Structure formats: C-alpha cells, structure tokens
Amino acid sequence: MSGQYGEEDTKYNLRHLAGGCIASLLAVLLLQSEKRFIVRYLLAPKGLWLRVPVLICFDVCTVLVFFRCLRYFRSVKSRKLTVDFLLSILLSVVVAVITGVLTFLACERRFMESARAGFFDTDTGMFVLMNLYILFITGFALVFALVFACLVRGRVTYIQYISREIKTIEKDGFGRQLKVNGLDELTDLCTSINHMSQKLYEKQKREQELENRKNELIVNVSHDLRSPLTSIMGYVRLLKQEGASDPEKFQEYISVVDRRLEGLHAMVDELFELTKLNSADVEMNVEKTDLCALLCHLAYEHEILLKNRGLALEKHLAQESFEVQADVNKFVRAVQNLFDNAGKYAKEHSKIVITSYVKGDAFSIQMKNQVREQDCIQAEKLFERFYIADAARSQTKSSGLGLAIVKRIVELHGGKITAHLVDGWLVFKLCFYKQE
C-alpha cells in the first residue's frame, strides 16, 4: 500500500508541477505583453526616464508571479482536486488554442489565395467571412469540452462510484468498504466514509451482542432462579403440611430454605452489581492508590480465611510501590472474587499461589490453584456470566457472576485479565497500567 501511495503521490506532484509551469508561463506572457504595450504606447510621449523603472517593476513582478504560481501548484495539499480541475482547464485551453493555431496555419495559404482571387468580395465569400468567427469559437469550445471531459473523466467516474456505493450502503447496511483511489479530497471522503461505515458496523454489532446478551441473561436468570425457587416452594409446602410436628424435620427444612434464600440473595446482589458495572454511566470513585501495598494487605487477610478451609496460600508479592488512579472498593472486590473462586474450586488440602511484580508502567498479578477435575473446566468461558463448571455446580454455592464482575472491574481500570489451564493448575493473570 505504501508503494501504491508513493506512486500516486509522485503522479500528483508531477501533475501539479506541470500545471504550475503552464499557469506560470501564461501569467508571464500576459505580464510581458502588458509591459510592451505600456512602454511602447503609453509611456512613449512622456519620455524615456519612466521606461526603466517600469521595465524593472514588470520584470520583478514577472519573476515573483512565476515562482509564486509554481509554488502554489506544488505545495497545495488540501485542495488537490481544485488544482486538478484548474490544470484540466488550463490544458484544455492550451490544446484548443494550439488546435486553432494549427488550423489557421493549415488554411492560411488557401485563405490568402481566395482573397487574392476576389472570393471574399462575392456573396458566398462574405457569408464565409462573417461566419468564420462563429466557426472558430464553436471549434474552440468543442475541442475545449472534449479535452476537459477526457481529463476529468477519471474523477467524475470516481464520484459516480462513490454515489453508487453510498446507496448500496444505505440499502445493505454498514460495513461495506469503498475503494480508495488517488490522493485528493475524494480520497479523504472515501477514507472517512470507510471509517464511518466500519465504526457504525461495529456499533451495530456491539448493540446486537448486547441484545443477545440481554436475552441470554434473561434466560440464564430464569433458569438459575427456577431451581432454588422450586426447592424453596417444595420445602415450604412440606412445612405447611407437616407443620412443626417433627422438630428434627422442621429444622432440616428450615435450614435448606435458609441456604437457598441466601444463595438467591447473593445471586441477586451480584447480578445487580454486574448490571451497574456494565451500565454506560458507571460511577468510578478513583483516588491515588498503591496497588502493591493494597494487594499485600488483601493477601494477608485471605491467608487466614483460606487456612480455615484447609488451603495454604503461597505469596510472592512485589514490595515496591505502584501508584495509580483506581477505585479502591472495586479493586478489592475483584481480588476478593478471585480468592473466593480459588477457595471454592481448589483441590482439597492444596495450595494457592499468588504472585505480583512491577515492570515499567505495568503491574501484573498472577493467581493459580490446583483444580479438582481439569476436564470439566473451559478456561475460555470462565468470564461468561452464569458459567459454572459442571463438576462444581452441585458442590459450591456459586452464581457464575463472580469472574464476570472481576473482568469488568479490570476493564474499567484499563487493564486486562486472562485465564488458562496449565498442568492441572487454573491460572489467572491480571495486568494494570499507569494511565497518562
């Protein structure tokens, strides 16, 4: 592409140079003609003392006009189409004048012979002589029109192509790309149309994805709410039937209902939180924060909680400072969700390893834990809403929203997060960057 644009730029430069030379020469001829007229006819009666200053003035003006006109045609960048049309007009005029001169030279001998023979004294000769001017002007106009039409044909065809493509985009939708040809205003127009078409296509695609996600969210919420609600309704029905006649069963039923309600409450809270995070006007209470120090504090807190679950936390944390503008509460929420996820799905009596390091303007965090059954986890789907590994669905109280919340929080801070399965280890990698 760079070679193509280089060739196009060379063509335009040569064309503008030729146009500048033609326009400059015409201006020079006009000034020199005026100089001769003024010196010979207007200044002759007044003496010779005015001729020298006038000659010098006209010669200086001629040089300045020549180079100024040439510079304009060579240096103009934002009006290349205007220069092309001006050049086409100049070339058309030159060709028409040359054609007229050649025609006159070709017919001069015959005209002179006809004049000497007295042809123009006849009625027919008078008619031809009276219409010579009309014939000359008509011929000049025809030649000018033909040459000008040939010179601007490419650009006119390109304009027609743009018009057709815009109508096609209007009919078939955004995403269609126009061919970019040349280096003038039409090229800029096509580039802008292509950019607009691509952006609007991406916007439409995002809106469609959001619509699909919304529908998927409704389906998933309905599915995930139906199971605990059905269970709660069943146990409530049993409580109505049996009452408190059997205290042991009563406590068992109440405990199940309580667990199910807690799960529903947690799911609704996380769903509400994720919805707020995904909204266009999400509030970010940012402040200058040392992420290294904050992560060390959170790791120390969760080390005790994981130990109570029979899990060990191995820490390799950076001790230097990494200060950025961040929402502390949201960052804490993301790290807590990662620890909760590791605590739920880690193999029993295994260890969780957390590592952090600073490299330039980036702060990286890696958390990994051994999983119970690697085949039941699809790492690429972990950040999808309501995704829960099948093996863990019946063993944990999870809404499937925790990692989706983590990903959204990281994105709101301009960072990125990935998940991989490596030799039985589930590895999460987060990276935060200092903003300019």
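Here we come to a nonpolar patch on the surface. A cluster of nonpolar side chains, Val 97, Ile 98, Val 101, Leu 102, Phe 104 and Leu 105, forms an exposed patch at the surface whose accessible area comes to about 550 Å². Tracing the sequence through the fold places Leu 102 in helix α3 (residues 80–116). Residue class for Leu 102 comes out exposed when judged on its relative accessible area of 53%.

Reading across the sheet, the 5 strands line up as β2-β4-β5-β7-β6 and stay open at both edges, with mixed pairing between neighbours. At either margin of the open sheet sits one strand with a lone partner, and together these are β2 (312–316) and β6 (416–422). Pairs of neighbouring strands in the sheet enclose a mean axial angle of 15°, with direction left out of account. Relative to strand β4 (residues 351–359), β2 runs parallel, the two being bridged by 5 bridges. Bridge pairing links Glu 314 to Val 353 in β4. Across the sheet, helix α8 (residues 328–345) touches β2, β4, β5 (362–370) and β7 (425–433), and the angle it forms with β5 is around 20°. Here helix α10 (residues 402–412) sits on the sheet in contact with β6 and β7, set at roughly 135° to β6.

Inspection of the secondary structure puts Ser 356 in strand β4. Only 2.9 Å separates the side chain of Ser 356 from the backbone nitrogen of Ala 318, close enough to count as a polar contact. Leave out the neighbours within four places in its chain, and Ser 356 touches Leu 295, His 316, Leu 317, Ala 318, Phe 363, Ser 364 and Ile 365.

If charged atoms from side chains of opposite charge come close, those side chains can pair. Across all of its chains, the model carries 6 salt bridges by this definition. Of the charged contacts in the structure, one is a salt bridge between Glu 165 and Arg 176, with a shortest N-O distance of 2.5 Å. On the criterion of sequence distance, the pair formed by Glu 165 in helix α4 (residues 123–172) and Arg 176 in the loop between α4 and α5 (185–242) is long-range, its members being 11 residues apart. Overall, Arg 176 belongs to the partly exposed group, its relative accessible area being 37%. Arg 408 is the salt-bridge partner of Glu 411, the closest N and O atoms lying 3.7 Å from each other. Note that Glu 411 and Arg 408 are positioned in helix α10 at a spacing of 3 residues, about one turn of the helix. Among the residues examined, Glu 411 registers a relative accessible area of 40% and is labelled partly exposed.

Once that is clear, we can look at the packing of aromatic side chains. All told, the structure shown has 5 aromatic pairs when counted by the stated rule. Ring geometry for Tyr 235 against Tyr 253: centres 5.4 Å apart, planes inclined by 55°, an arrangement best described as tilted. Placement of Tyr 235 in helix α5 and of Tyr 253 in helix α6 (residues 247–278) is noted, with a sequence separation of 18 residues between them. Residue class for Tyr 253 comes out buried when judged on its relative accessible area of 9%. Here the guanidinium or amino end of Lys 368 rests over the ring plane of Trp 425, the centre of that ring lying 5.0 Å away.

A few words on the confidence of the model for the protein. Counting all residues, the mean pLDDT for the protein is 78, and 78% of those residues have values of 70 or more. Long-range and interchain partners of residues 1–6, a stretch whose pLDDT sits below 50, account for 4 contacts in this model, where long-range means more than four residues apart. Scored below 50 in pLDDT, residues 390–396 makes 9 contacts in the model with residues more than four places away or belonging to other chains.

For the pair α8 and α10, the least separation of the axes is 9 Å and the interaxial angle reads 145°. Here α8 runs over α10; the crossing is left-handed. Judged by residue contacts, Lys 330, Phe 331, Arg 333, Ala 334, Asn 337, Leu 338 and Asn 341 of α8 engage Gly 402, Leu 403, Ile 405, Val 406 and Ile 409 from α10.

What follows is about the state of the cysteines. For the structure shown, the criterion picks out 0 disulfides. No disulfide involves Cys 296; its sulfur sits 6.8 Å from that of Cys 292, the nearest cysteine.

Turning our eyes to something else, we now look at the environment of Glu 185. You can see Glu 185 is positioned in helix α5. Look at Glu 185 and you get partly exposed, because its relative accessible area is 24%. Measuring from C-alpha to C-alpha, the distance between Glu 185 and Leu 81 comes to 6.1 Å, with 104 residues separating the pair along the chain.

Rules behind the numbers
- Residues numbered from 1 in each chain as written.
- Predicted model: local features only at pLDDT ≥ 70, side-chain atom pairs only at ≥ 80, totals over all residues.
- Heavy atoms only, no water.
- Patch = residues over 30% accessible without salt bridge, like charges linked within 9 Å, V, L, I, M, F, W, Y side chains within 5 Å.
- Areas by Shrake-Rupley, 256 points an atom, 1.4 Å probe, with all protein chains shown as cover.
- Salt bridge = Lys/Arg side-chain N within 4 Å of Asp/Glu carboxyl O.
- Helix = DSSP H or I, 4+ residues; strand = E, 2+ residues; numbered from the N terminus.
- Buried < 20%, exposed > 50% of the residue type's maximum accessible area, 1.4 Å probe, protein only.
- Pairing = 2+ DSSP bridges.
- Axes fitted to C-alpha atoms, helices over the stretch in contact; angles between N-to-C directions.
- Contact = heavy atoms within 4.5 Å.
- Polar contact = N/O pair within 3.5 Å; in protein donor to acceptor, adjacent residues only side chain to side chain.
- Phe/Tyr/Trp six-rings, centres within 6.5 Å; stacked < 30°, edge-to-face > 60°.
- Lys NZ or Arg CZ within 6 Å of the ring centre and 35° of its normal.
- pLDDT = per-residue confidence, 0-100.
- Left-handed = near helix turned anticlockwise from the far one by under 90°.
- Disulfide = S-S within 2.5 Å.

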